[in-house]
Each structure stands twice: as C-alpha cells, then as structure tokens.
Amino acid sequence: MDRQFIPRGLQRSSFTRFVAWVFPWILLLGLGLYAMYLCLAEGLHHTNMDNRFAFGLWIYLDLTVIALGAGAFFTGFLLYILRREELKAVINSAVVLGFICYSGAVAVLMVDVGQPLRAWFTFWHPNTHSMLAEVTFCLTCYLTVLAIEYVPVVLKNRRFRQIPRFLVFEFELHKVMPVFAGVGTFLSFFHQGSLGGLYGVLVGRPFAFREVLGIWPSTFYLFVLSAAAVGPSFVLLTTWLVQKLSRKQLVKPEVLRFLGKVSGSMLIVYVLLKAVDTLYWINTTAPAEGAPAYTFYTSQGFGTWILFAEIILLGLLPAILLLIRRLRERPGVLVGAAFLACCGIVMNRFVMTIQTLALPTLPFDLLMSYVPSWQEVATFLAIVAYGVLLYSLSFRYMTLFPQERDIRQ
Amino acid sequence: MFPFIYEFHWTPVHVVFLGIFFSVVLVILSTVSIALLRAYKAFRKHEHEAIQWEAEFEDLPAAARVCRHQITGEILQRTCNHDFDCRSCVVHPTFLVRRAPVLAPAGKEDSVFGFTMPLDRYYHRGHTWVKYEGEGVYAIGLDDFGQRMIGTPDAVELPAVGTTLRANGTGWTLKKERATLRILSPMDGVVVQTGTAQNGWFLKVRGGEPNVETRHLLRGEEIKPWIMRELERLQVAVSPEGVGVSLADGGELVQDMWKQAPQVDWDGVWGEMFLQA
C-alpha cells in the first residue's frame, strides 16, 4: 500500500505490521495530549510541583533530552566542519534524533511554563540578564536549524524527488549544510552551557551552586562537555537499537566504533574536569557556603553512592571501555559502554534538578519528596511516544542510513 | 528586543546579546534565501535533470558506482567520481593509452553470457545503447539485458520530437506493474524521431561528433566484463535479504524474468539495475 513511498532497494515490514507497531504509541501520545490539555486549560495544580519543588519531571526530561540530542550538533560538526566523512552513515538519523529531542523539549516547556500564546513575550521583552533568556533564544534558533536540516531528509523521499522544484531545493539546501552545522554548533555551545550556567546564580542551594570560572560558572563548561561527550554515544545506541528492532545491519561496524571512540575521548576529559570540579566544591565552595559537603549525602536515598555512580561507574568506566581499542571492537562492550555513558548523563541531570531541590538547604528543612502526578508522567510518555512515532515514520519512508543499500551489496 | 520597545536599554548586555541573536537569525535567513535563490535559478535553467542524476549517483550503492576501468580489470579499485561522464574525467584518457596490451581483442561475437550485445554500438551503464547512423543521427535503444529484466512494459512515455536530451538525464519512462522507471539517456542530443521496442530502438537523436559524444560509453572488449558484473549485481539484488548470493549454474537469463520470481521486490531491483536511487 505504501510501497511507493519507501526508498528503493530498502526492505521494510508490511504496512499492517507497521500499523501494529505504531498503534500503542499513538494511544500513549493521545493520553499525553489529554494530560497536556488538562495542565494548559486548568492549570499546574494537575502536577505535583509547587513553589518550592519547581524543577519536576519535565525540567529533568528537558535537560536530559537536550543533552542526548547533542548528538545531532556534534555529529554535524564532525562531518561538515572537521570533514569526518564516515559519519555520513548516521548524520540523517542524528538530525532526526536531534529534532525529536529539541521539539519534544520545547513542547514540554510549553506546558511547564504555560500560556503558550504569550510565548512571544520572551523574545519581545527579553530579560537579557537571565541565562534562561539565552537558553530560550538558542533553543528556538537551534530547533529552527534542526527543522531546516530535517527538510532535505524529507525531500529525499522518492515521491518528493519526482517533483523537480523539491529536488532542486533539496540539492541546493544540502550544499549549504556546513553553514547550518556551524550555526548549530555555536547555538548548542551556548544553550547547553547556559543550562549549566544557571547553577552560578543558585547561591541559596549550596549543593548545586558553582563558582564563576572566567565569565561562566564551572557547570557551564561541564554541561557543554558532557552533552558533546554523550551525544555520539546516544547516536551509537539508537543506531544499534534500530538495527536490532529492524533486524538489519544499517551501518558498517567501524562507524559505530568511531562514534564510540569520539564519545570516549570526550568523556574522559569530562570525567577528569568533573572530578576536579567536585573536589573543589567539596573542599572550597560548599564549606564557604556554610554547608560541609558530607551533609548533602546523609539524607535517605541520596548517599555518596550517587557520586560514585555518576563519576566512576557511569563516567570513568564507559570512557575507559570506549577508549581501549581492543575492548571497543567487541560489539557488546561498545554498546554497553555507550549505554552506561547515556545513563551517566541521565543521572547527572537528575542530580542537578531533582536532587538539588529535594535536599534541605536550611537547618530546619527536611528532605523534600516529590512524586510526579499521572499528568506529568503521561506528558513525559507522550514525548517518548512522539519520538518513537516520528523516528519510525522517518526510518520507514526516508533514507536515514545511506549505507543500508551498500551493506546489502 | 528593539530600541522602540519599552524595557530596552542601550547597555552593553542588551547590545551584545541581541546583536549576537540578530546575527544568528540573519545567517539562518540569508543561507536559506541563498539556497532558495539558487534552486530557483537552477530550475529556470532546466538544470533539474543534471541535478537529479548528480543526487541519485551519490546515493547509488558503491558497487554500482565502480569505474569502468575497474570492471575491465585495468585497476584494482576505483569508484567513479564523475557521475559516469568520462568526458570530464582526466584519468580516463590515461587508461585508454595503456589499454591495448591489457585487454584481449574485442572479437566479432555479439553474444555475451547469452545476451545479444552487438559490438557495433556503444553501451550506457543504465542499459541503453547508442548506434551511430550517419549524418549526425544516433539510434538509442534498451539493451538485451535491460529488456529481459523488465519484459514488456505496461506503458512507455517517449519524449516529443524536438526535446533536448542530456547524457544521464531522463531518456524515456517505462511503467511496469506499479513501478515507474526513468531510462537514462546515454548521450546529449535533440530527439528527431521516436520508435517502439518493435523497431528495435526507441529514439533517434541528432548529436555531435561520434568520437566526442560517445567517449563515456562502454564498447567492444568492455562489454563482457561489464555484463558479468551486472549479472553479479542482479544476483545480489534479487537475493532475499540475509540469505546472500546463490551462485547461478551457468544458465541464461530468461525473458520477462520478473514473472519467474513474483516474490522479489522488482521495483527495487529495477531501480538498482537502471541506476536509480
């Protein structure tokens, strides 16, 4: 039925099977849209956030997907600016993943902030002293860049290619991709950094507060570096997952190994700097704030194991596994290390949002607990469902992995 | 955001922050505008045929893009980077100079692995042939390999007399089952007459000098190794995914071969063999 839209020479499942695959995700998306409607129409009392616990599941999701979505800008940077041609094999997939992550993040922000019809206020009357103004501007611009980068992927569909105007536009757009890769890198550097830069003003929360290094707090650099380090791992992991689900080899093994090597190299630098930053915080920043660092690890559930897990288990270990060639060449180790690296960033963003707000800051404070409401969870799952649906459609009807035909030969 | 809006102040923070923002927006808008303008110009100049081939060539599997001199064994490995247009290739003439001692003489026979491939004509990698008929006129047809793959087409759309064809652009269009196939034109020229499969040719075109116009086409001793390679590509294309290639027992390709294997994705196979992405 839909054969005419599937790229020539690529094998895809039957239409019935495809419908069966997407149907549960559509249901989940529908439930999430209803939850979003409740929050937008009736207010944020549908969530379990309050004035003190204002960073909930949604902001955690935002920070996490934006970090994972960094695979798009970093892959584009390596391909178009540093001319690592082997990454042509995954660039389309990376762009789609980036677009999903960023558009999903913006959708959740829309519900979280509320009043989407007044979103233009943030541009018209920007608070230029706020890091979040920079994040908003960069996010919007970068989402536009990702949408532009997505256009050639869509126009390459064999049906669209038959329309000469689309064909010519896609061809010309493809030629200027290095410019968008450069702009994307510039924007990503600033918004990833500014999300981390937020902790430079959280003076009242000594667990997360970091001192200024140059013109930005240390977390600015750590957020940029961690996103750039884990982005390639996320592209690697999703490519492997799609290979398993579709039961096809989509890229040559050396492409995944290269992604692993890049990720490992960046990750080891990040882990070292993160360790230095943590030691400085333990010995200088936290005591100066009047809160010895050990006090933050006495609350139930938030022991020092978190620090160990984040830096050693999900940072140093995957970095070493990805850096040692002999280990990297084992598919299981490569994918396992990429998975650990992704878990590392998921955990880091958890620590920087949920744990930061849960920990007591004043002597009479208690550990705050927060469990997201079903509306928050449904909204979160709707973004996951949206991502799966968009990626599934893109995989079926577009050429996300150009090597797929080659490998068949 | 702008000086005329309240809360805007001529402070360094406002000027630098908004200056960077507007610069980024300007770069994005101007780059998209440039792409749109170039696309418009290319479309007005009817360059979409050349662009389509350039784009599709890049998307072809590496096995379909090998240089003709690799096929003949003159070089171990070389991928074509001139979109199969040897007229603009600086390496091609150097191979021609060295060719004589490397390749066996062409011989007289015109049957190659059971295909009728007369040696009095030139062949395009997209399975068309060109035969010079004198006075600047060339006949163009579908080769035996192509005919056996596709059988009798359901419909043929030929260009009108007077149409200008470009080498590697659309020659004519075939419809078979639910597939629509562009048959690539093997040369530049203007259509002077149209024919049918029964005539043995589909088009007659007026072009330039034979030595110049057909330099990029395969001929003589190149045909046999090329057909052998095409048979290998066809075997891979019709093999079920994950099964791998099953070697043939030396038989010939039957007429209307698609009828013999209805389970095969023929749209994909034809696209593969007629060089379409």
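Calculation criteria
Residues numbered from 1 in each chain as written. Chains lettered and ligands numbered in written order. Predicted model: local features only at pLDDT ≥ 70, side-chain atom pairs only at ≥ 80, totals over all residues. Helix = DSSP H or I, 4+ residues; strand = E, 2+ residues; numbered from the N terminus. Rg over C-alpha atoms; globule rule 2.2 N^0.38 Å. Buried ≥ 20, exposed ≤ 12 C-beta atoms within 10 Å, placed from the backbone. Contact = placed C-beta atoms within 7 Å. Core = buried A, V, L, I, M, F, W, Y, C linked by C-beta atoms within 7 Å. Axes fitted to C-alpha atoms, helices over the stretch in contact; angles between N-to-C directions. Parallel < 35°, antiparallel > 145°, perpendicular 65-115°, else oblique. Left-handed = near helix turned anticlockwise from the far one by under 90°. Nonpolar A, V, L, I, M, F, W, Y, C, P; charged D, E, K, R; others polar. Domains from an automatic or database assignment. Pairing = 2+ DSSP bridges. pLDDT = per-residue confidence, 0-100. Expected span 1.5 Å × (residues − 1). Bend = angle between axes of the 7 residues up to and from the residue. Arc of directions from axis to C-beta.

Participant: Would you take a moment to explain the overall build of chain B for this structure?
Facilitator: Secondary structure assignment for chain B yields nine helices and 11 strands. Relative to the 2.2 N^0.38 estimate, which gives 19 Å for 277 residues, the radius of gyration of chain B is 25 Å and therefore markedly larger than a compact globule would have. The dimensions of chain B, computed from C-alpha atoms along their principal axes, are 85 × 50 × 45 Å. In chain B, which comprises 277 residues, the share counted as buried stands at 33%.

Participant: Explain the overall build of chain A here, please?
Facilitator: On a plain count of helices and strands, chain A comes out with 16 helices and two strands. Expected size for 409 residues packed as a compact globule is a radius of gyration near 22 Å; at 22 Å, chain A falls within 12% of this value. Projected onto its principal axes, the C-alpha positions of chain A cover 70 × 55 × 40 Å. Once local pairs closer than 6 in sequence are excluded, the contacts in chain A between residues at least 24 apart make up 79%.

Participant: For this particular structure, what's the right way to read the nonpolar core?
Facilitator: The nonpolar side chains of a soluble globular protein tend to be buried with one another. The biggest cluster of nonpolar side chains holds 114 residues, and the ones touching the most others in it are L68(A), V90(A), V95(A) and V230(A). Those residues in contact with V230(A) that lie beyond four places of it in its chain are A67(A), L68(A), S263(A), A341(A), C342(A), G344(A) and I345(A). Counting 41 residues, the second-largest nonpolar core is a separate cluster that includes L60(B), I183(B), M187(B) and V191(B).

Participant: What is the right way to look at the packing of helix α8 (residues 164–175) of chain A against helix α1 (residues 12–44) of chain B in this model?
Facilitator: Each pair of packed helices can be described by the angle between their axes along with the distance between the axes. It is the contact of α8(A) with α1(B), at a shortest axis distance of 8 Å, that shows an interaxial angle of 135°. Relative to α1(B), the element α8(A) lies oblique. Note on packing geometry: the crossing formed by α8(A) with α1(B) is right-handed. Along its contact with α8(A), which presents P164(A), R165(A), V168(A), F169(A), E172(A) and L173(A), the element α1(B) presents A35(B), L36(B), R38(B), A39(B), A42(B) and F43(B). Classifying every residue of the contact of α8(A) with α1(B) gives nine nonpolar, no polar and three charged.

Participant: Would you mind going over the interface of chain A and chain B with me for this structure?
Facilitator: By a widely used convention, the size of an interface equals the accessible area lost when the partners come together. At the interface, 34 residues of chain A touch 37 residues of chain B. Counting residues per element, the ones that place at least two in the side of chain A that touches chain B are α5 (121–124), α6 (131–155), α8, α9 (177–197) and α16 (403–408) of chain A. It is α8(A) that contributes the most residues to the side of chain A that touches chain B, eight residues altogether. The residue makeup of the side of chain A that touches chain B, split by class, is 19 nonpolar, eight polar and seven charged.

Participant: I'm lost on the domain arrangement of chain B in this one. Help?
Facilitator: Here the domain parsing of chain B yields domain 1 (1–45) and domain 2 (48–273). The C-alpha centroid of domain 2 of chain B is placed 48 Å from the C-alpha centroid of domain 1 of chain B.

Participant: What am I meant to see in the sheet that holds strand β8 (residues 170–176) of chain B here?
Facilitator: Strand pairs in the sheet, formed through backbone hydrogen bonds, run parallel or antiparallel to each other. Residue and element names in this part refer to chain B. Spatial ordering of the open sheet is given by β6-β8-β9, a layout of three strands whose pairing is antiparallel. Of all strands in the sheet, those bounded by a partner on one side alone are β6 (155–157) and β9 (179–184). On average, each strand axis in the sheet is inclined to that of its neighbour by 20°, with strand direction left out of account.

Participant: When you look at the sheet that holds strand β3 (residues 122–124) of chain B in this model, what are you seeing that I'm missing?
Facilitator: Residue and element names in this part refer to chain B. Spatial strand order, β3-β4-β5-β11-β10-β7: six strands in an open sheet with antiparallel pairing. For this open sheet the edge positions go to β3 and β7 (164–165), each flanked by a neighbour on one side alone. Note: strand β4 (residues 128–132) against strand β5 (residues 137–142), five bridges, orientation antiparallel. Across the sheet, residue W129 finds its bridge partner in β5, namely G141.

Participant: Hey, could you run me through the confidence of the model for chain A in this one?
Facilitator: Low-confidence regions, as indicated by low pLDDT, have predicted coordinates that should not be scrutinised in detail. Counting all residues, the mean pLDDT for chain A is 93, and 99% of those residues have values of 70 or more. The element-level mean pLDDT for chain A is lowest in α16(A), coming to 83, with helix α15 (residues 374–397) of chain A highest at 97.

Participant: Teacher, can you tell me more about the environment of A89(A) here?
Facilitator: Residues and elements named next belong to chain A. Checked against the element boundaries, A89 lands in helix α4 (residues 88–113). When the C-alpha positions of A89 and V371 are compared, they lie 41 Å apart, and in sequence the two are 282 residues distant. Dropping the residues within four chain positions of it, A89 is found in contact with V251, K252, V255, F401, P402 and Q403.

Participant: Before we go on, may I ask you to explain the packing of helix α2 (residues 57–68) of chain A against α15(A) in this structure?
Facilitator: All names here are of chain A. For the pair α2 and α15, the least separation of the axes is 9 Å and the interaxial angle reads 20°. For the element pair α2 / α15, the angle class is roughly parallel. Note that α2 runs across α15; the crossing there is right-handed. Where α2 approaches α15, its residues L57, W58 and L61 are matched on the opposing element by E376, V377, T379, F380 and I383. Per-class residue counts for the contact of α2 with α15 are six nonpolar, one polar and one charged.

Participant: Looking at this model, I keep getting lost on unusual backbone geometry. Mind explaining?
Facilitator: Leaving glycine aside, a negative phi is the common case for residues, and trans is the common case for peptide bonds. Residues and elements named next belong to chain B. With a phi close to 55°, E135 is a non-glycine residue in the positive phi region. Within the fold, E135 resides in the loop between β4 and β5. Positioned with a positive phi, L275 is a non-glycine residue whose angle comes to about 60°. Take L275: it is sitting in the segment after α9 (266–273).

Participant: Would you explain helix α1 (residues 15–42) of chain A in this entry?
Facilitator: An α-helical turn contains 3.6 residues, so a residue and the one three or four places further along point in the same direction. Residues and elements named next belong to chain A. Spanning 28 residues, α1 covers 39 Å between terminal C-alpha atoms, matching the ideal 40 Å at 1.5 Å per step. At V22, α1 shows its largest bend, some 30°, and a proline, P24, comes one to four positions later. Its buried side turned inward, α1 meets α4 and α15. Of the residues flanking the end of α1, it is G43, one or two places downstream, whose phi is positive at about 120°.

Participant: Hey, could you run me through helix α2 (residues 48–59) of chain B in this one?
Facilitator: Between its first and last C-alpha, α2(B) extends 16 Å over 12 residues, near the 16 Å set by a 1.5 Å rise per residue. All of the buried residues in α2(B) are H48(B), E49(B), Q52(B), W53(B) and E56(B). Relative to the axis of α2(B), the buried residues are bounded by an arc of 135° and lie together on one face. Tucked inside the fold, the buried residues of α2(B) contact α8 of chain A together with α1 and β8 of chain B.

Participant: Got a minute to help me understand the pairing of strand β10 (residues 189–194) of chain B in this structure?
Facilitator: The side chains of a regular strand alternate between both faces of the sheet. Residues and elements named next belong to chain B. Note that β7 and β10 share two bridges and pair antiparallel. Residue pairing for β10: T164 is matched across the bridge by V190. For β10 and strand β11 (residues 203–206), the ladder comprises four bridges, and the chain directions are antiparallel. Paired with Q193 across the strands is K204, a residue of β11.

Participant: Please explain the confidence of the model for chain B as it appears in this structure.
Facilitator: The share of residues in chain B with pLDDT of 70 or more is 92%, and the mean pLDDT across the chain is 86. Taken over the whole predicted complex, pTM reads 0.90, whereas the ipTM for its chain interfaces reads 0.89.

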